[in-house]
Amino acid sequence: MARATAAPGPRERRASTSVLERARRTAALCGVTRLADITRLDRIGLPVWQAVRPAGRALSIHQGKGVTPIAAKIGALCEAIESHYAEQIAADGPFCAVDALPDAGLAPKLADLARNRDHPPATDAPIQWCRAHDLATGAQTFLPFEFVSLDFTRNWQSRFDRSSGGLGAGTTDAQALRKAILELIENDAVGRWERADLLSRMTCLLNPDSIAPRWFPVWLARLEALDMQVRICALPSVTGHPVCHCTLLCRDRAAGVAIFTGAACHGVAEVALFSALAEAIQSRLTFIAGARDDMLPSLYAPRDESVACLGPVPPPPPGFPLIAWVSITDRPDTLPDLVADLKRAGFGHIWGKLLSSPEAEIRVAKAFVAGLGSLRRAETGATPQCV
């Protein structure tokens, strides 16, 4: 079995014990009762930990992964902290229709917040609102409470796009908002890619032989030795920040091929690459552990290998042009950089809502960018920049 020691990866992803202690103290306030190391349930060896939060109103099991066990613990705890504060957030705005808001001109279009952009909630129906603020100007605005809240014990059939997309955690409010916006850019890029035709998806395939970080061939050899295939795509994003998507096809399953995916956006391409690969490996461990609330029995049904082995993007035919790693450039990703890049791309409304309590040492925020897409919601506005 794999040992839970440091795994190959970028040095930037190693975490400190001081951040871990801050995450532990905040998680205790959020109802986390246990941290569990599930790394050795699999043979791959990437550190993956679970944080257990029995009273969760969305999920009760949260996972984290990383180069080291400390990083994986922090990731699991921060996922639990994010969910807790999103579940517990109070509605601090008015109960009214969009046009009756104190400043209706700053209100979002409900289609931008809907699960289905073509069938948004009615604009003349009263909505419970949360106060938020414009990240560029600081002006007050409002977001629907149902869009912000992750309390799935209430109004389960909401027409708003209720998900953890756009949630972020960090040691400061700015870090939490930065992480939230990077996730929004990632989800927009992945959603566009998944809704594209097969050939368009294939044009995003990276040439694995061109990938420069020294840790990548180590992982590639380890996974291939376990009869697992890796396909990496570099997705265009609206801001030009690197977005990587990883597909992991595993043939070691008794009931056929299993497919796991991961994606990440970061200013440093190497970090985006590692995070996408690590998320795909973590998804496999989630499947193996079977402990998360959303692991439905249907996920374990046998797959037709002739179809499943293709995954979301099939292997390229001989001679198919692949993206070279050297063509992917890093980009500054501080909070002001992200806001400026989004505005430059035509997304003028970038809003944030701070969710965590004053005593929390790990801060949590929800971000929203008007017109940006998601995994489920089609986008409007800017064309993604090519890698």
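Residues numbered from 1 in each chain as written. Predicted model: local features only at pLDDT ≥ 70, side-chain atom pairs only at ≥ 80, totals over all residues. Heavy atoms only, no water.

Per an unreviewed UniProt entry, the recorded name for the chain is YcaO domain-containing protein, and the organism is Sphingomonas cavernae.

Peer 1: Is there a simple way to explain the pairing of strand β10 (residues 258–265) in this structure?
Peer 2: Along a regular strand, successive side chains alternate from one face of the sheet to the other. In terms of residue burial, β10 counts as a mostly covered element, since 7 of its 8 residues are buried. Pairing of strand β9 (residues 243–250) with β10 involves 8 bridges; the strand directions are antiparallel. For Val243, the partnering residue across the bridge sits in β10 and is Cys265. (Buried < 20%, exposed > 50% of the residue type's maximum accessible area, 1.4 Å probe, protein only. Helix = DSSP H or I, 4+ residues; strand = E, 2+ residues; numbered from the N terminus. Pairing = 2+ DSSP bridges.)

Peer 1: Sorry, what's going on with the sheet that holds strand β1 (residues 34–37) here?
Peer 2: Strand pairs in the sheet, formed through backbone hydrogen bonds, run parallel or antiparallel to each other. Across the sheet, which stays open at both edges, the 3 strands sit in the order β1-β2-β3 with antiparallel pairing between neighbours. Edge positions in the sheet fall to β1 and β3 (61–65), since each has one partner strand and no second. For this sheet the average axis-to-axis angle between neighbouring strands, irrespective of direction, equals 25 degrees. Bridging between strand β2 (residues 48–52) and β3 involves 5 bridges; their strand directions are antiparallel. Directly across from Gln50, in β3, lies its bridge partner Gln63. The strands touched by helix α2 (residues 69–88) within the sheet are β1, β2 and β3, with β3 carrying the most contacts at an inclination of about 145 degrees. (Axes fitted to C-alpha atoms, helices over the stretch in contact; angles between N-to-C directions. Contact = heavy atoms within 4.5 Å.)

Peer 1: Mind showing me how you'd approach helix α9 (residues 335–344) here?
Peer 2: Owing to its 3.6 residues per turn, the α-helix brings residues three or four apart onto one side. Of all the positions in α9, only Leu335, Leu338, Val339, Asp341 and Leu342 are classed as buried. One face of α9 carries all of its buried residues, which in axial projection span an arc of 165 degrees. Within α9, the exposed residues directed more than 90 degrees away from the buried face are Pro336 and Arg344. Once α9 ends, the next one or two residues include Gly346, with phi positive near 105 degrees. (Arc of directions from axis to C-beta.)

Peer 1: I keep staring at the side chain of His241 and nothing clicks. Help me out?
Peer 2: Its location among the elements puts His241 in the loop between β8 (228–235) and β9. In terms of polar contacts, His241 uses its side chain to reach the side chain of Thr239, at 2.6 Å. A polar atom in the side chain of His241 sits 2.8 Å from the backbone oxygen of Pro332. Discounting residues that sit within four places of it in the chain, His241 has contacts with Cys265, His266, Gly267, Arg331, Pro332, Asp333, Leu338 and Asp341. (Polar contact = N/O pair within 3.5 Å; in protein donor to acceptor, adjacent residues only side chain to side chain.)

Peer 1: Please explain the pattern of salt bridges as it appears in this structure.
Peer 2: Under the criterion given, the structure shown has 21 salt bridges. A salt bridge links Asp161 to Arg377, with the shortest nitrogen-to-oxygen separation between them at 2.7 Å. Of this pair, Asp161 sits in the loop between α3 (145–148) and β7 (167–170) while Arg377 sits in the segment after β12 (363–369), placing them 216 residues apart in sequence. Both residues of the pair, Asp161 and Arg377, count as buried. In this structure, Asp333 engages Arg178 in a salt bridge whose closest nitrogen and oxygen atoms are separated by 2.9 Å. Highlighted residues: Asp333 in the loop between α8 (305–308) and α9 and Arg178 in helix α4 (residues 173–195), separated in sequence by 155 residues. On the basis of relative accessible area, Asp333 is assigned to the buried category, the value being 12%. Salt bridges sharing common partners tie together Asp188, Arg192, Arg195 and Glu379. (Salt bridge = Lys/Arg side-chain N within 4 Å of Asp/Glu carboxyl O.)

Peer 1: Explain the packing of helix α1 (residues 17–29) against α2 here, please?
Peer 2: Two quantities define a packed helix pair, namely the angle between the helix axes and the distance between the axes. Running from N to C, α1 and α2 cross one another at 30 degrees; their axes reach a closest spacing of 9 Å. In this structure, the crossing between α1 and α2 has a hand that is left-handed. Mapping the contact onto sequence places Thr17, Val19, Leu20, Ala23, Arg24, Thr26, Ala27 and Leu29 in α1 and Ile70, Lys73, Ile74, Leu77, Ile81, His84 and Tyr85 in α2. Classifying every residue of the contact of α1 with α2 gives 10 nonpolar, 3 polar and 2 charged. (Left-handed = near helix turned anticlockwise from the far one by under 90°. Nonpolar A, V, L, I, M, F, W, Y, C, P; charged D, E, K, R; others polar.)

Peer 1: Is there a simple way to explain α2 in this structure?
Peer 2: With 20 residues, α2 should cover 28 Å at 1.5 Å per step; its first-to-last C-alpha distance of 29 Å lies within 8% of that length. Counted residue by residue, α2 has 16 buried out of 20 residues, so it is predominantly covered. (Expected span 1.5 Å × (residues − 1).)

Peer 1: Explain the environment of Pro208 here, please?
Peer 2: Of note, Pro208 is situated in the loop between α5 (198–202) and α6 (215–225). We classify Pro208 as partly exposed; its relative accessible area is 35%. The spacing of Pro208 and Ile323 is 115 residues in sequence and 9.1 Å in space, taken between C-alpha atoms. When near neighbours in sequence (up to four residues on either side) are disregarded, Pro208 contacts Phe216 and Leu220.

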